[in-house]
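Commentary on secondary and tertiary structure
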Amino acid sequence: MGGVDPLRVPKSGAFSVSTQFSKLPPLRLQSSPSGTKKDVIPLIPDHLGIYVCGPTIYDRIHLGNARCLVVFDVLFRLAQKLYQRVTYVRNITDVDDKINVQAQNLGISIHQLTKQTFAWFESDTQALGLLEPTHQPRATEFVDQMIGLTAALLEKKAAYVASGHVLFSVKSWAPYGQLARMPIDQMKAGARVEIAPYKQDPLDFVLWKPSEDHEPGWESPWGRGRPGWHTECAVMSAHYLGSIFDIHGGGRDLLFPHHENERAQTCLLSGQDDCAKTWMHTDMLTVGGQKMSKSLGNFITLHDALQQVPADVLRWALLSSHYRHCLDWTPQVVQQAKACVVGVYQALAAHNEVSKAPGAEMADILAMKGFDGLLDLPTSAALLDDLNTPQALAGLVAIAQKLRKDPENTQLAQQILVTGSVLGLFCHSPAQWLDQARPQGLSPQEIQELIDQRHQAREARDFAKADEIRSCLAKAGVVLEDKAPGQTLWRTRL
Ligand SMILES: [Zn+2]
């Protein structure tokens, strides 16, 4: 594969301009292999490179996927305030066996499926307020480079051809397993490694596999076939960020084997110890202690969640646990998030200038002009300390409480808005947002009137009518709790 340099290393740039918030302490992140926090010092001064494994586009994403995306969206937003330049690459896997199976199940072409799913992904993530990454490469655009990388590994005798497949030999790279921090035996036992008779070692993984006529395929020196998933990310990360870059992220479930395998390929060719200075992994979103996943069927799609819950509330809920810890998804988590978001928006609405600010431009207008941004804020200290979002959210609640007592304090309003701009929160006009967040347009007064009517119906022993009113309120997202005769509490359900 002459001419293809699979591991292009970018030249160091001269980005010497001081950053907007250069007086801040450095960002510290915990890297998965070491388990210790360390300062993030970009390889290219003032230019941070981030690669995050994006979706395989075969179906709508669920909240577990959304959690990972929101965490890295916050990292991207924070990095943009810290460094002169940030290159954030999040790939799209558009060639994968899951896609082939789903297209077959639905009786549509792979092109139709990936086109539709990508459009869903774009609209759902926009609705959640995710910023567009700097680059969003698709695997199918890089197949030549993947063939080049596979050929280079064969040349180095780190790979072999067997039964039409090209496999990476894990024995060829001694540090294999150091990212996942698992001994080889445990990896064999714990990993869902595809057992295949043509593998020399059960941990060897596919770089290239043959395609049947009905499967997508590209011509290669090893016949018509398609790349392995791990090779896709190795090529795309190296193309945009070089063979070693600052931060590689993804969900914890990608740590092994995906990231381990990606790292082995890149490092074997580059001769470097690692392909990322920091590996960041977000832990699982669980439901009743079980991982939210397509295979278990216990998932809520991001699209469905956004029909019921405002994006600010979803983001708050998804960020309410530290990214390295599990987050169990319960109605209470959402309810608490809504109470907090409403409380902060109410505090902002009481501020004269903010309440009149024009929606999305509010953060820019108020937060950035003549204000030292994140300096000296407890929320910024929390975010710079391994992206401690729960602590930053608690800080926001505390600032909002102060603002309620001192509604015209512009500095407090600015603190909320600038922190919100990093967390992707509070960029709507407060009055407008609060109006839309009311369930089905029912005001508290209207809800109380319906509750009073229900009490009257119960007193008249018209239980059918009382039940009907309860059911109407339930449809409007209002849950009733009877405390004593004639005394009913209500709350909104999300
Ligand atoms: Zn990946």
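Keep in mind it's a predicted model, so treat the numbers as computed, not measured.

Moving on, we get to the pattern of salt bridges. If you walk through the whole model with that rule in mind, you get 17 salt bridges. The salt bridge partner of Asp385 is Lys37, with a shortest N-O separation of 2.9 Å. Pair noted here: Asp385 is in the loop between α13 (378-384) and α14 (389-405) and Lys37 is in strand β2 (residues 37-39), with a separation of 348 residues, a long-range link. Its relative accessible area of 33% is what places Lys37 among the partly exposed residues. One salt-bridge network, held together by shared partners, links Asp97, Lys209, Glu215 and Arg226.

Next up on the list: the side chain of Glu262. Along the chain, Glu262 falls in helix α7 (residues 255-270). Despite its burial, Glu262 pairs with no opposite charge, the nearest such side chain being Arg263 at 9.8 Å. Apart from residues lying up to four places away in sequence, Glu262 is in contact with Tyr51, Cys53, His230, Cys233, Ala234, Ser237 and His248.

Bringing the coordination of the zinc ion into the picture now. Only Cys53 (SG), Cys233 (SG) and His258 (NE2) from the protein coordinate the zinc ion, and they sit 2.0 to 2.1 Å from it. If you list the donors of the zinc ion from N- to C-terminus, the spacing comes out as C-x179-C-x24-H. Of this pair, Cys233 sits in helix α6 (residues 229-241) while His258 sits in helix α7, and the two are 25 residues apart along the sequence. As far as burial versus exposure is concerned, Cys233 and His258 are alike and both buried.

We now examine the nonpolar core. The biggest cluster of nonpolar side chains holds 78 residues, and the ones touching the most others in it are Trp329, Leu348 and Phe426. In terms of residue count, helix α1 (residues 63-82) provides more of this core than any other element does, 13 residues in total. One finds Tyr51, Cys53, Phe205 and Cys233 within the second-largest nonpolar core, a separate group that totals 44 residues.

Okay, unusual backbone geometry next. Here the amide bond leading from Phe256 into Pro257 is cis, since omega sits at 5°, within 30 degrees of zero. Considering the arrangement of structural elements, one finds Pro257 in helix α7. For Leu387, which is not glycine, the phi dihedral falls at a positive 50°. Mapped onto the fold, Leu387 is located in the loop between α13 and α14.

Here we take up empty space enclosed by the protein. Taken as a whole and judged by the stated rule, the model has 1 cavity of 30 Å³ or more. Considering only enclosed or pocket space, the largest cavity measures out at about 30 Å³ in volume. Lining the largest cavity, in full, are Val71, Leu318, Leu319, Ser321, Tyr323, Leu387 and Thr389. Looking at the lining of the largest cavity residue by residue, the classes come out as 5 nonpolar, 2 polar and no charged.

Quick notes on the rules
- Residues numbered from 1 in each chain as written.
- Predicted model: local features only at pLDDT ≥ 70, side-chain atom pairs only at ≥ 80, totals over all residues.
- Heavy atoms only, no water.
- Salt bridge = Lys/Arg side-chain N within 4 Å of Asp/Glu carboxyl O.
- Helix = DSSP H or I, 4+ residues; strand = E, 2+ residues; numbered from the N terminus.
- Buried < 20%, exposed > 50% of the residue type's maximum accessible area, 1.4 Å probe, protein only.
- Lys, Arg positive; Asp, Glu negative; His and termini not counted.
- Contact = heavy atoms within 4.5 Å.
- Donors = N, O, S within 2.8 Å, 3.2 Å for Na, K, Ca; no water.
- Core = buried A, V, L, I, M, F, W, Y, C linked by side-chain atoms within 4.5 Å.
- 1 Å grid on protein atoms, 1.4 Å probe; cavity = no way out; pocket = protein on both sides within 12 Å on 5 of 7 lines; lining within 4 Å.
- Points joined across faces, edges and corners; volume = space filled by probe spheres on them.
- Nonpolar A, V, L, I, M, F, W, Y, C, P; charged D, E, K, R; others polar.

Just geometry here; none of it tells us what the structure is for.
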